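Notes for the structure review
Here are the chains, one letter per residue:
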Amino acid sequence: MNNWQTPVALLIVAATAFALLYGVWKKRRRAGAGCGSSGESCGCTALKKSLKK
C-alpha cells in the first residue's frame with residue numbers, strides 16, 4: 001500500500017471524534033451535572049437558598 005497516510009489520518013479523526021462525543025454523552029447522562037446541581041457556577045443555589053427563606 002503506497003498511500004498509508006489516509007487510513008491513519010481517518011483512524012485518528014475517528015478516535016478523536018469518538019472521544020469527544022463519548023465525553024459529551026457521559027456528561028449529559030451524569031446525575032447532578034449542570035445548573036440544577038449544588039454548584040455555585042451559575043447562581044442557581046444562591047437563588048434556591050433565597051427562596052427557601
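Structural notes, computed from the coordinates. (Residues numbered from 1 in each chain as written. Predicted model: local features only at pLDDT ≥ 70, side-chain atom pairs only at ≥ 80, totals over all residues. Heavy atoms only, no water.)

Here we look at the overall build of the protein
Quick note on the threshold: The way it works is that DSSP assigns letters per residue, a run of H or I at least four long becomes a helix, a run of E at least two long becomes a strand, and they are numbered from the N terminus. Throughout, the Shrake-Rupley method with a 1.4 Å probe supplies accessible areas, and for residues the shown protein chains are the sole cover considered.
If you tally the helices and strands in the protein, you get two helices and zero strands. When the accessible area of the protein is evaluated, it comes to approximately 5000 Å², of which 67% is carbon and sulfur surface.

Quick notes on the packing of aromatic side chains
Under the convention used in this document: Between rings of Phe, Tyr and Trp, where Trp is taken as its six-membered ring, a pair exists when centres lie within 6.5 Å; planes separated by under 30 degrees are stacked, by over 60 edge-to-face, and by other angles tilted. Only protein chains enter the accessibility calculation, which uses a 1.4 Å probe; a residue whose area is less than 20% of its type maximum is buried, one above 50% is exposed, and one in between is partly exposed.
Taken as a whole and judged by the stated rule, the model has one aromatic pair. Summarising the aromatic geometry, the rings of F18 and Y22 are spaced 5.9 Å apart at their centres and angled 20° between planes, so their arrangement reads as stacked. In this pair, F18 and Y22 are both assigned in helix α1 (residues 5–29), four residues apart and thus about one turn of the helix distant. Classification of F18 as exposed rests on a relative accessible area of 59%. For Y22, a relative accessible area of 47% translates into the label partly exposed.

Topic: a nonpolar patch on the surface
The test is simple: Within the patch definition used here, like charges are joined within 9 Å and nonpolar side chains (Val, Leu, Ile, Met, Phe, Trp, Tyr) within 5 Å, considering only residues with over 30% relative accessible area and no salt bridge. What counts as a salt bridge is simple: a side-chain nitrogen of Lys or Arg found within 4 Å of a carboxyl oxygen of Asp or Glu.
A contiguous nonpolar surface patch, about 320 Å² in accessible area, is contributed by W4, V8 and I12. Tracing the backbone through its elements, the reader meets W4 in the segment before α1. The class for W4 is exposed, based on a relative accessible area of 51%.

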